[in-house]
Every structure is written in C-alpha cells, then in structure tokens.
Amino acid sequence: LPPRHMDSVVQIVEALESIDHGFTGTVPELARALGSCSTPGCRAVLGEPPDIPPAPPTLNHEQWLLFTQLLHHDAEAPERGAVLAPDGSTVALGPLFTGIEVGLKRAAGWPLPTVEPPVDALYAVTITEALGTSFLLARDGDGDRATLGPGGCWDDVNDPQNYTLLGPPSPIPDAIANGAMDGVLLGAHLAQASIPLADLLRGYYGTGNGTEKGRPPSSYRRRDFGVLTGPGKLEEEVAAMLRVLRVLSPTRELLEDVREEEVVAIARQAARDFTEVYVECPAIVPRCMWGARPYRGTPKLLTLPLSSVYIHHTFVPSVPCRTFTACARAMRAMQRFHQDTRGWDDIGYSFVVGSDGYLYQGRGWHWVGAHTKGYNSKGYGVGYVGDFSATLPDPDIIALVRDGFLSCAVRTGRLHRNYTLRGHRQMGHTDCPGNSLFREIETWHGFK
C-alpha cells in the first residue's frame, strides 16, 4: 500500500476533490461512511453515517484500500488509523476528519443535530467523548489503567506502514490526541473560511514541496490548541459530553451509577491531565523515531527527582535543525560521534532541542547521561542543536525549554521544585553553551 504518510492522504483527498467522483457528499462525509465517526456521541452529533459508496474512480485500488483501512475505527487499537506527518508527529485521521466536517457544516450554515444537554459539536466529535470515556473507565479500575498516551514508533519513517505503541494503550494514544487537536484547529479555521481540503492539509502539515522549508503549522498544535481551548472550556465540554452519553442507549449503563458531582470531578481531572500532557508539556520525539542505535552495555538509572539542569549547545552541528528530517539526522550524527569517536555508551545528552519545535529523547528521563563531567547523575543535560556563541535560538525555541520542559519536569516529579540551572561552562573548561545562549539562561528561573 502507499506509505501511511500525510502526503498519501493529501494525494487521496486531492483526487477525491478533483472531479465528480461518484460520491454525493464531501470528503469528510466519505470518511464518516468509512468509520471515522462510529462512537455513540459522535453519531448523536453528526447523525448516522452514509452508506459506504463503491470505490471512487479517481482513486486507484491501493489508495482506496489505504483510505478504507485508515478510517475503519478499531476500539481495541485506535492508533491503527494513524499516519506520519512531515513534522515527525503521528496523527489519527478519525478525529481530524470529524472536526473538519463540523467546520465545513458551520461554514455552510447547516444545522447540526441538536443533542441534550447542548454540546460544542467541534469538541464533541474530536476529543471530549474519548476523553470523558477514558477517565470514566479508569475510575472503576485498579489504578493501572492508562488514561492518556502512549506515543509510538513507525517501522520506517521513509515508508511508514506499521505503528507500534511504546506502552499499554489508552483510549487516547498520542496519535488520537494529535488528530483531535488538529481536528479542532482545522475545524475552527474552516468555520471561518472554507477552502479546498487538500490545500488546507498541505498548508497545515507542510506536505509535498513545502516539507523542507521550515516549521509547518502542525508543529505549533500544542500552543495553538492551548490558545483556542482553555482548561475551563475543555472541562465544561467533557462534562456536557458525559451528560449526553448518560442518555444514549449504548453508554447509559456506563453512567447509571455516576452522580452529577462525579461527572464534574471526572471532567475536571480529564481536562487538567490532558492540558498538562498535551498542551503545557512539550512533545518529545522518542529514540526509535530518530533512528537511535542501541545503548552499548547497561544504562545506569538516575534517582529521581534530580536537583539540576545543565544547558548546552551542540556546537557541531553548528546550524539549527528546522525539520524533523534534519533534526533526526543531527541526532544520529551526534550519537555516532559520541559512541564511535568518544567511546561513550550512547549519545551524551538527556534531551536535545531542535528548532523544529520538538525535544528529542537522548538518554531521557531515567538514564544517567554523559553531558557534564562529574555531574551526570545529579542533573539533566539539555543541548540546543546549533552554535549559539553569537546568535540565539528562535524565541519560541528558547521558551520550549524555559517555560515548557522545566516546569513539566517539576510537575511530573522528575526535577526538584527548587532546582538549580547552570550553563555547561560553569561546570568545566568549555565555552558551551556559547556566549549568547549563556547570557540568555542567566535570566531564567533557577539559574545560579
């Protein structure tokens, strides 16, 4: 089949939009016919799906098969409907297309089915049903049931066909969270101004010719979703959706013993956790996504929480990486140098910061690094890709660590609340992290 990549989806959408393709509705309605909106709450909002039409003549057999597979909802493995986007993130198509359909309907002035109590249709079909259900199911469990995540990895980023989760699945793996946030953002955009779907997707994800030109809008999804959706709005909509599910026949039993104050508590917890994990904390690209070699030997475990963070610049590569492809390449080059030339067990840094808006997992949260001699077991080493002797990283890339990573590490119990932040040069004979970046971090919270 064609690669499970957003480029393939854009090509399919373009073919469907090109001429009369024998399907009377829009592309999102076709997606709904194929299974993108199969849950009780989504059907209550958007109505029963149309019948599956015959394969449109503008798609070849392989494209039709891929599109059908990606939109067939599997409650046991919701991440199967996911594709790899050019920014290195993984996106589930179901919530993406349902959000887009609501946006198109609003732009056309069509009345959406009214449900009681009233809900915001855009959130209902993308995130709030899955979020409410996930936390509702977890409340009866033994505490081990995952409510959010995990992420996953593709078998081959150049020809992605299989996506494997990195831990126990929840109803909202990262791919569903990304697809839902994108569905809300693109649905809200379309409600204001309707444009061809292929153009919208190409512009948002940077597919095709735009891939190497820098950051696509999709790499800002966490920030943009946070701006559009405060935690109060999300909490309110999850609670409203749970009340709707209480009166729908398939989900009525789930909620028959749940009192109103419990609904409010579940909604508050769900909104707070989702906001922390997917809005306030930055996305971290796992090792398997950037093509890491195995660790040599046995990693030593850190004792958390740590008390320090050490800021570095890589110096080589000297140019900031602005795309997933370039940052993954930089990670592999640094790992080769650290393992083959320096003779270390692995890449030295705990985390590496790309100018594509993502953090890259080096040794990560739990393994002792090789970044700051004499202090590797005391703190995390965070390295910016580039030479920042005379220039600074982009303002939002500075904020990624200063406002996102550090507070996230504290909230999740990996870093002491009263941590100390230092530049590499304070701990040894080096110019790292460069004069410009060092002057910048002197203004950060925790700097000593």
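Definitions and cut-offs
Residues numbered from 1 in each chain as written. Predicted model: local features only at pLDDT ≥ 70, side-chain atom pairs only at ≥ 80, totals over all residues. Heavy atoms only, no water. Axes fitted to C-alpha atoms, helices over the stretch in contact; angles between N-to-C directions. Helix = DSSP H or I, 4+ residues; strand = E, 2+ residues; numbered from the N terminus. Parallel < 35°, antiparallel > 145°, perpendicular 65-115°, else oblique. Contact = heavy atoms within 4.5 Å. Nonpolar A, V, L, I, M, F, W, Y, C, P; charged D, E, K, R; others polar. Disulfide = S-S within 2.5 Å. Buried < 20%, exposed > 50% of the residue type's maximum accessible area, 1.4 Å probe, protein only. UniProt positions renumbered as here; feature names shortened; annotations may be inferred. Domains from an automatic or database assignment. Buried area = accessible area lost by both parts, 1.4 Å probe. Salt bridge = Lys/Arg side-chain N within 4 Å of Asp/Glu carboxyl O. Polar contact = N/O pair within 3.5 Å; in protein donor to acceptor, adjacent residues only side chain to side chain.

### A short note on the packing of helix α6 (residues 121-139) against helix α10 (residues 231-247)
1) Next: At a minimum axis distance of 8 Å, the contact between α6 and α10 shows a crossing angle of 75°. When the axes of α6 and α10 are compared, the pair comes out roughly perpendicular. Residues Tyr 123, Ala 124, Ile 127, Thr 128, Glu 129, Leu 131, Gly 132, Thr 133 and Leu 136 of α6 form the contact with α10, whose own contacting residues are Lys 233, Leu 234, Glu 237, Val 238, Met 241, Leu 242 and Leu 245.
2) Next: Split by residue class, the contact of α6 with α10 holds 10 nonpolar, three polar and three charged.

### Concerning the state of the cysteines
Cysteine pairs can be covalently joined through their sulfur atoms, and such a bond is termed a disulfide.
1) Next: Within the structure shown, the criterion is met by four disulfides.
2) Next: Across the disulfide, Cys 37 is cross-linked to Cys 42 (sulfur-sulfur distance 2.0 Å). Disulfide Cys 37 to Cys 42: torsion about the S-S bond roughly -120°, handedness left-handed. The pair formed by Cys 37 and Cys 42 is uniform in burial state, with each residue classed as buried.
3) Next: Here Cys 153 connects covalently by a disulfide to Cys 288, the sulfurs 1.7 Å from one another. Handedness here is read from the sign of the S-S torsion; for Cys 153 and Cys 288, about 65°, the answer is right-handed. Taken as a pair, Cys 153 in strand β3 (residues 152-154) and Cys 288 in helix α13 (residues 287-290) lie far apart in primary sequence, 135 residues in all.

### Concerning the UniProt feature "domain: Peptidoglycan recognition protein family" (unreviewed entry) in the chain
1) Next: As annotated in UniProt, the feature "domain: Peptidoglycan recognition protein family" (unreviewed entry) corresponds to residues 282-428 in the numbering used here.
2) Next: Counted over residues 282-428, helix gives 27% and strand 21%. Its end C-alpha atoms are 29 Å apart.

### Regarding the UniProt feature "domain: N-acetylmuramoyl-L-alanine amidase" (unreviewed entry) in the chain
1) Next: When the UniProt feature table is mapped onto this chain, "domain: N-acetylmuramoyl-L-alanine amidase" (unreviewed entry) is found at residues 294-434.
2) Next: As annotated, residues 294-434 comprises 25% helix and 21% strand, and the C-alpha atoms at either end are separated by 30 Å.

### Concerning the domain arrangement of the chain
How large an interface is tends to be reported as the accessible area lost when its parts come together.
1) Next: The assigned domain composition of the chain is domain 1 (6-280) and domain 2 (287-442).
2) Next: One C-alpha centre belongs to domain 1, the other to domain 2; they are set 33 Å apart.
3) Next: Summed over both sides, the interface between domain 1 and domain 2 buries roughly 1300 Å², with carbon and sulfur atoms accounting for 55% of that surface.
4) Next: Of all residues in domain 1, Arg 215, Glu 276 and Glu 280 bury the most surface against domain 2, accounting for 35% of the area lost on that side.
5) Next: Where domain 1 touches domain 2, the interface holds three salt bridges.
6) Next: Between Asp 396 and Arg 215 there is a salt bridge, with its nearest N and O atoms 2.5 Å apart.
7) Next: Where domain 1 packs against domain 2, one counts five residue pairs in polar contact (both at pLDDT 80 or more).

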